[in-house]
Amino acid sequence: MLNRLLFVFSANFDIQAIIRGCVQTAPFIFAALILIAVYAKIVGARFGVRKFILIFLLSMYTVAVFTATDIPDIRELIYVPYEYRPNELYLDPLRMFKYDRSSYLLNIVLFIPFGILLPAAVNKFRNPLRLGSTAAFISLTIELCQLKNRRTTDVCDFITNVLGAILGLILFWILKSIFSRRGSKSVENRDSFILRHSIEIILILTFLIYISLPLIY
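These figures come from a predicted structure and were not determined experimentally.

## Here we look at the overall build of the chain
Phase 1 of the analysis: Summing up its helical and strand segments, the chain has nine helices and two strands in all.
Phase 2 of the analysis: Put simply, the chain has 217 residues, and 44% of those count as buried.
Phase 3 of the analysis: Here the contacts in the chain between residues at least 6 apart in sequence split such that 84% fall between residues at least 24 apart.
Phase 4 of the analysis: Put simply, the chain shows about 12400 Å² of open surface, and 67% of that area lies on carbon and sulfur atoms.

## With respect to the environment of M96
Phase 1 of the analysis: By the element assignment, M96 lies in the loop between β1 (89–90) and α5 (101–121).
Phase 2 of the analysis: Residue class for M96 comes out buried when judged on its relative accessible area of 14%.
Phase 3 of the analysis: Expressed as a C-alpha distance, the spacing of M96 and V155, which sit 59 residues apart in the sequence, is 9.4 Å.
Phase 4 of the analysis: For M96, the contacting residues outside a window of four places in its chain are R101, Y104, C156, I159 and T160.

## Overview of the packing of aromatic side chains
Phase 1 of the analysis: Taken as a whole and assessed by the stated rule, the structure comprises seven aromatic pairs.
Phase 2 of the analysis: Relative to F114, the ring of Y61 lies with its centre 5.4 Å away and its plane at 70°, an arrangement referred to as edge-to-face. Here Y61 is found in helix α3 (residues 49–68), whereas its partner F114 is found in helix α5, with 53 residues between them in sequence.
Phase 3 of the analysis: Taking relative accessible area as the criterion, F114 reaches 0% and is therefore assigned buried.
Phase 4 of the analysis: Where F111 meets F114, the ring centres are 4.8 Å apart and the plane angle is 50°; that geometry is what we call tilted. You can see F111 and its partner F114 sitting in helix α5, three residues apart, about one turn around the helix.
Phase 5 of the analysis: Given a relative accessible area of 0%, F111 falls into the buried group.
Phase 6 of the analysis: Ring-pair connections join several aromatic residues into one group, and the members of that group are F30, F52 and F56.

## Here's the deal with the pattern of salt bridges
Phase 1 of the analysis: All told, the structure shown has two salt bridges when counted by the stated rule.
Phase 2 of the analysis: Taking the shortest distance from any N to any O, the salt bridge between D73 and R75 comes out at 3.1 Å.
Phase 3 of the analysis: Ionic pairing is found between E200 and K124, a salt bridge with its closest N-O pair at 2.8 Å. A residue pair is termed long-range when its members are at least 10 positions apart, and E200 in helix α9 (residues 198–216) and K124 in the loop between α5 and α6 (128–145) qualify at 76 residues.
Phase 4 of the analysis: Overall, the relative accessible area of 25% leaves E200 in the partly exposed class.

## Section: the side chain of S192
Phase 1 of the analysis: Relative to the helices and strands, S192 is located in the loop between α7 (155–179) and α8 (193–196).
Phase 2 of the analysis: Under the relative-accessibility criterion, S192 is labelled buried at 5%.
Phase 3 of the analysis: Polar side-chain contacts of S192 include one of 3.2 Å to the side chain of Y39.

## Here we look at α3
Phase 1 of the analysis: In this model, α3 (20 residues) spans 29 Å end to end at C-alpha, consistent with the 28 Å of a helix rising 1.5 Å per residue.
Phase 2 of the analysis: Extensive coverage of α3 is indicated by the burial of 14 of its 20 residues.
Phase 3 of the analysis: The positive-phi residue at the C-terminal boundary of α3 is D70, with phi of around 60°.

## Looking at the packing of helix α2 (residues 15–43) against α3
The angle between the axes and the distance between the axes are what describe a pair of packed helices.
Phase 1 of the analysis: Between α2 and α3, whose axes approach to 9 Å, the crossing angle comes to 145°. Handedness of the α2/α3 crossing: right-handed. When α2 is examined against α3, the residues A17, I18, G21, C22, T25, A26, I29, F30, L33 and I34 are found in contact with a partner set consisting of F52, I55, F56, S59, M60, V63, A64 and T67.
Phase 2 of the analysis: Here the contact of α2 with α3 is built from residues that sort into 14 nonpolar, four polar and no charged.

## Observations concerning the packing of α3 against α9
Phase 1 of the analysis: Interhelical geometry of α3 versus α9 gives an angle of 35° and a closest axis separation of 10 Å. Handedness of the crossing formed by α3 with α9: right-handed. Mapping the contact onto sequence places K51, I55, L58, S59, T62, V63, F66 and T67 in α3 and S198, I199, I202, L203, T206, F207 and Y210 in α9.
Phase 2 of the analysis: Residue composition of the contact of α3 with α9, grouped by class: nine nonpolar, five polar and one charged.

Reading the values: rules and limits
- Residues numbered from 1 in each chain as written.
- Predicted model: local features only at pLDDT ≥ 70, side-chain atom pairs only at ≥ 80, totals over all residues.
- Heavy atoms only, no water.
- Helix = DSSP H or I, 4+ residues; strand = E, 2+ residues; numbered from the N terminus.
- Buried < 20%, exposed > 50% of the residue type's maximum accessible area, 1.4 Å probe, protein only.
- Contact = heavy atoms within 4.5 Å.
- Areas by Shrake-Rupley, 256 points an atom, 1.4 Å probe, with all protein chains shown as cover.
- Phe/Tyr/Trp six-rings, centres within 6.5 Å; stacked < 30°, edge-to-face > 60°.
- Salt bridge = Lys/Arg side-chain N within 4 Å of Asp/Glu carboxyl O.
- Polar contact = N/O pair within 3.5 Å; in protein donor to acceptor, adjacent residues only side chain to side chain.
- Expected span 1.5 Å × (residues − 1).
- Axes fitted to C-alpha atoms, helices over the stretch in contact; angles between N-to-C directions.
- Left-handed = near helix turned anticlockwise from the far one by under 90°.
- Nonpolar A, V, L, I, M, F, W, Y, C, P; charged D, E, K, R; others polar.

All quantities given are derived from atomic positions and should not be read as evidence of function.
This is the structure we're talking about:
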């Protein structure tokens, strides 16, 4: 199983493409985070270095996932018509127990970092329902985009992605219980829409920049 998992990993992950996507996207995300930090300073709210770094890492990991799943760019999304092909759309949730379980296991592993980085950056994502819904939104975005580039869209990918994020949250709580200092609490910004939803803004911006990279460079 481990050898099969490593084979699937090497077949799906183009490290050079991932690095290129991160390098091309990073300046825009870094600039956006600087603007959010400046805004926080102006309104007298907190947007610390730790949160800045965690959200930036989350954005870069999202780019890596977008690259690994080969989502199409904005030109394909707009101009390529959707053509239904039965062999590219799977809606059977039990399929994961019948075929190529190693690829579904990889989908779980792929979303574990989301379950760690999201709650580490912002407390509200320590709620399993909120984390799960965010992971579901990211996964659904990927699956819908894949309808345009001849990759398979599979409900089992969606299920295993969300499961991976929840497992990441469990791992986050385990690590937190081991390494966190007692009495330390992070403060959430509740007075500003931008600061309350800084992660959502950065994730949406990451998606828009990523699909627009061929037009930018």
